[in-house]
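If you want the building blocks of each chain, they are given just below.
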Amino acid sequence: MEESTVFEAHSSYVLGLLFTPDGQTLISAGMDNVVKLWSVPDWTLLRTLEGHAHSVNSIALSPDGRTLATGSTDTTVKLWAFPEGRVRHTLQDRKKVVAAVRISADGKWVAAGSYGGRARVWTLAGEDVVGIRASKKNLATIAFSPDGKTLATAGLGDDISLWALPSGQPIGTLSGHEVAVVALAFVDGGRHLVSLGYEQTIKVWDTEDWREAHTIQLSGPGSRGMAISPDEKTAAISVESRVQLWSTEDWTLHAELPVGTKAVNGMAFSPDGRWVAVGAADRRIRVWEMEGKGK
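Keep in mind it's a predicted model, so treat the numbers as computed, not measured.

A.B. asks: Describe in detail the environment of Asp 147, supporting the description with residues and values.
C.D. replies: Note that Asp 147 resides in the loop between β14 (139-144) and β15 (150-155). Put simply, Asp 147 and Arg 133 are 14 residues apart on the chain and 22 Å apart in space, counted from C-alpha to C-alpha. Within the structure, Asp 147 has its side chain in polar contact with the side chain of Ser 145 (distance 2.7 Å). A polar side-chain atom of Asp 147 sits 2.9 Å from the main-chain amide nitrogen of Lys 149.

A.B. asks: Residue-level account of the nonpolar core, with values.
C.D. replies: Soluble globular proteins tend to pack their nonpolar side chains together in the buried interior. Counting 16 residues, the largest nonpolar core has Leu 196, Ile 202, Ile 237 and Trp 251 as its most contacted members. When residues of this core are assigned to their parent elements, the largest contribution, four residues, is made by strand β18 (residues 181-187). Not counting the four nearest positions on each side in its chain, Trp 251 is found in contact with Val 194, Ile 202, Val 204, Ile 216, Ala 235 and Trp 246.

A.B. asks: Describe the packing of aromatic side chains, listing the residues and the values that go with them.
C.D. replies: The description of an aromatic ring pair rests on the distance of the ring centres and on the angle between the ring planes. Enumeration according to the criterion identifies four aromatic pairs in this entry. Between Phe 7 and Trp 38, the ring centres sit 4.9 Å apart and the planes meet at 55°, which makes this aromatic pair tilted. Placement of the pair is Phe 7 in strand β1 (residues 3-8) and Trp 38 in strand β4 (residues 34-39), with a sequence separation of 31 residues. In this pair, the class of Phe 7 matches that of Trp 38, namely buried.

A.B. asks: I'd like a rundown of the pattern of salt bridges, residues and numbers included.
C.D. replies: Pairs may arise between side chains of opposite charge once their charged atoms sit close together. With the rule as written, the count across this model stands at twelve salt bridges. Across the pair Asp 209 and Arg 211 runs a salt bridge whose closest N-O atoms are separated by 3.7 Å. A residue is classified by how much of its surface remains accessible, and Arg 211, at 43% relative accessible area, is partly exposed. Here Arg 286 makes a salt bridge to Asp 282, at a shortest N to O gap of 2.7 Å. A single burial state applies to Arg 286 and to Asp 282, both of which are buried. Each of Asp 93, Arg 118, Arg 120 and Asp 128 takes part in salt bridges that share partners, so that together they form one network.

What counts, and where the lines are drawn
- Residues numbered from 1 in each chain as written.
- Predicted model: local features only at pLDDT ≥ 70, side-chain atom pairs only at ≥ 80, totals over all residues.
- Heavy atoms only, no water.
- Helix = DSSP H or I, 4+ residues; strand = E, 2+ residues; numbered from the N terminus.
- Polar contact = N/O pair within 3.5 Å; in protein donor to acceptor, adjacent residues only side chain to side chain.
- Core = buried A, V, L, I, M, F, W, Y, C linked by side-chain atoms within 4.5 Å.
- Buried < 20%, exposed > 50% of the residue type's maximum accessible area, 1.4 Å probe, protein only.
- Contact = heavy atoms within 4.5 Å.
- Phe/Tyr/Trp six-rings, centres within 6.5 Å; stacked < 30°, edge-to-face > 60°.
- Salt bridge = Lys/Arg side-chain N within 4 Å of Asp/Glu carboxyl O.

Distances and angles like these do not, on their own, reveal function.
Following this line, the structure appears as structure tokens:
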């Protein structure tokens, strides 16, 4: 696997990345307050979306590719008409930094996880669904189950909290990580929840009874983020100045991608699994072509 291209994308840290459902556009968010759209596979700039007053920390796209959600240090969530770039709604909950945004698989809801331990869910029309006091500590990551009936939240501390939707009632708490939980993802059609701890541990939870099914110890210093490939066979884990690619079938490490700078903050796989894009603190995006996926 060879690095295919490196390009300077933002004037400060790159914080979030995702590909559009058709795989034709890469979306990036940065600490420079903007979102940028890049053509695939020539990686040229198509458009810049401006509207946030501070860092854009997280981005999510609806399944139909028509609504982009952005969460910012300016304490707002914006819902954009995509790809036009027009702001449809600006949402806010308790004036706290928004660390994570996600859109449900059915495209009905958008959720935000914020500092101060708050989570809130709205419809994509901007209507309030439910607010959740998820923790006393800052949230860092959230995830919808595929059926949209469960929201998982986590951040500083060792707990993952589970909430029933749309009521916001607590389902339970999963414990076992240390320091912080930095990423969550439902896989296997919602049968498992994968969590990544800053202490370099991956845990796989069986959602039928919420027991801990597997624990995988990673190599290297503190983990910062995770992305799951579309076929769910590969997990990309950011560890200091590199990205590790793990097989999710047996949880073995099968490749490392050298980034060369600390603070890898954003990762994304293209829908066809051909590309993995990585954003970092040096303002650059690096894109690798996955083995066996070239055209």
